[in-house]
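Chains, contacts and geometry: an overview
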Amino acid sequence: MISRLDSLVSMTRALGEPAMDYVIIGEGNTSMRLDEERFYVKASGKQMHGIDENGFVALHFAPILDMLDEPPRTLSEQKRITQAAVLPADEIGRSDGGLSPSIEASFHAMLLNECAAAYIGHTHPTAINQIMCSQYSADFALQRRFPDEVVLCGPQSALVPYADPGLPLALVMRESLRAYMSEQGEAPKLMLLENHGMIALGDSPAEVLNITAMAVKAARIFLGALLTGKPTRLPENEVQHLYRRPDEIYRRKLFADDDR
């Protein structure tokens, strides 16, 4: 269990590295599925850069998921339910140190559950938010412009309208997620949040890091293309061809299995 938590710590530190410009100060959060009933999420107020195993809280899925189906009327009730979902120390062999889960614990629980993801990285990269805070958010999310963007980030990103962070965002995000899964037949690799940031979903820490890095590169390319005129796009048939090519599926699996 400790080795798995170490993998979440390493991934979170990598995403929080200042040189990457993905987050600053207390921005962003990460999570990891522990098993079918429990998950880890970054604690509220903890910085991703330099975080250690004491910067995470373990929770039960069920109370958080129930809260999405029957939203509490008040923020204080929401906080009470979330705090009550924290696992006791003897269940995970470590103390939570009195920490509170991230305000975004609700969407982490929902995504880990509905997408069957193992790891999630939520960041606010400057390059991504330059687009998400503009009129071009849908163009960037729904179109692909080069092959490796397709291979690592999927044929499209799930675009999430702005909502107040916390439970309101989790509810809006669930609507966008289910619409995407109904249309694409699978969970997204990348979710883009208008006026907020991005979420990478992966089966491993390496996959989350790869998706994040490629999304940021795609954003920089898009922004550069805007300076020279209207960005072009790959035709939809080429996007689907690239995403489902056996050699690209194999390469994507190798990247996800990378032990970084």
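This report concerns the structure included in the present document.

Parameters and conventions
- Residues numbered from 1 in each chain as written.
- Predicted model: local features only at pLDDT ≥ 70, side-chain atom pairs only at ≥ 80, totals over all residues.
- Heavy atoms only, no water.
- Salt bridge = Lys/Arg side-chain N within 4 Å of Asp/Glu carboxyl O.
- Buried < 20%, exposed > 50% of the residue type's maximum accessible area, 1.4 Å probe, protein only.
- Helix = DSSP H or I, 4+ residues; strand = E, 2+ residues; numbered from the N terminus.
- Arc of directions from axis to C-beta.
- Contact = heavy atoms within 4.5 Å.
- Core = buried A, V, L, I, M, F, W, Y, C linked by side-chain atoms within 4.5 Å.
- Pairing = 2+ DSSP bridges.
- Axes fitted to C-alpha atoms, helices over the stretch in contact; angles between N-to-C directions.

Turning next to the pattern of salt bridges. Two side chains bearing opposite charge may form a pair once their charged atoms approach each other closely. In total, this model carries 11 salt bridges according to the counting rule given. Close ionic contact of R38 with D35 constitutes a salt bridge, the shortest N to O distance being 2.7 Å. By relative accessible area, R38 is classed as buried at 13%. In this structure, a network of salt bridges that share partners links the residues D148, E248 and R251.

Take unusual backbone geometry next. Residue D21 is not a glycine yet carries a positive backbone phi of 60 degrees. Structurally, D21 can be placed in the loop between α1 (2-16) and β1 (29-33). Residue A116 is not a glycine yet carries a positive backbone phi of 55 degrees. Assignment of secondary structure puts A116 in the loop between α5 (105-114) and β4 (119-123).

Bringing helix α11 (residues 236-244) into the picture now. All of the buried residues in α11 are V239, L242 and Y243. The buried residues of α11 all sit within an arc of 95 degrees when viewed along its axis, so they share a single face. Buried residues along α11 sit against α8 (147-153) and α12 (246-256).

Ranked by internal contacts, the top residues of the largest apolar core, which has 39 residues, are L8, Y40, I128, F140 and L192. Among the secondary structure elements, those contributing two or more residues to this core are α1, β3 (56-60), α6 (126-132), α7 (137-142), α8, β6 (190-193), β7 (197-202) and α10 (205-228). The greatest single-element share of this core, amounting to 9 residues, is contributed by α10. If you look at the next biggest cluster of nonpolar residues, it comprises 36 residues, including A43, F107, V160 and L167.

This part covers the sheet that holds β1. Taken together, 7 strands build an open sheet; the order of strands is β3-β2-β1-β4-β7-β6-β5 and the sheet is mixed. At either margin of the open sheet sits one strand with a lone partner, and together these are β3 and β5 (158-160). Strand-to-strand twist of the sheet, defined as the mean angle between neighbouring strand axes without regard to direction, takes the value 20 degrees. Where helix α9 (residues 167-184) meets the sheet, its contacts fall on β5, β6 and β7, and the angle it forms with β5 comes to roughly 150 degrees.

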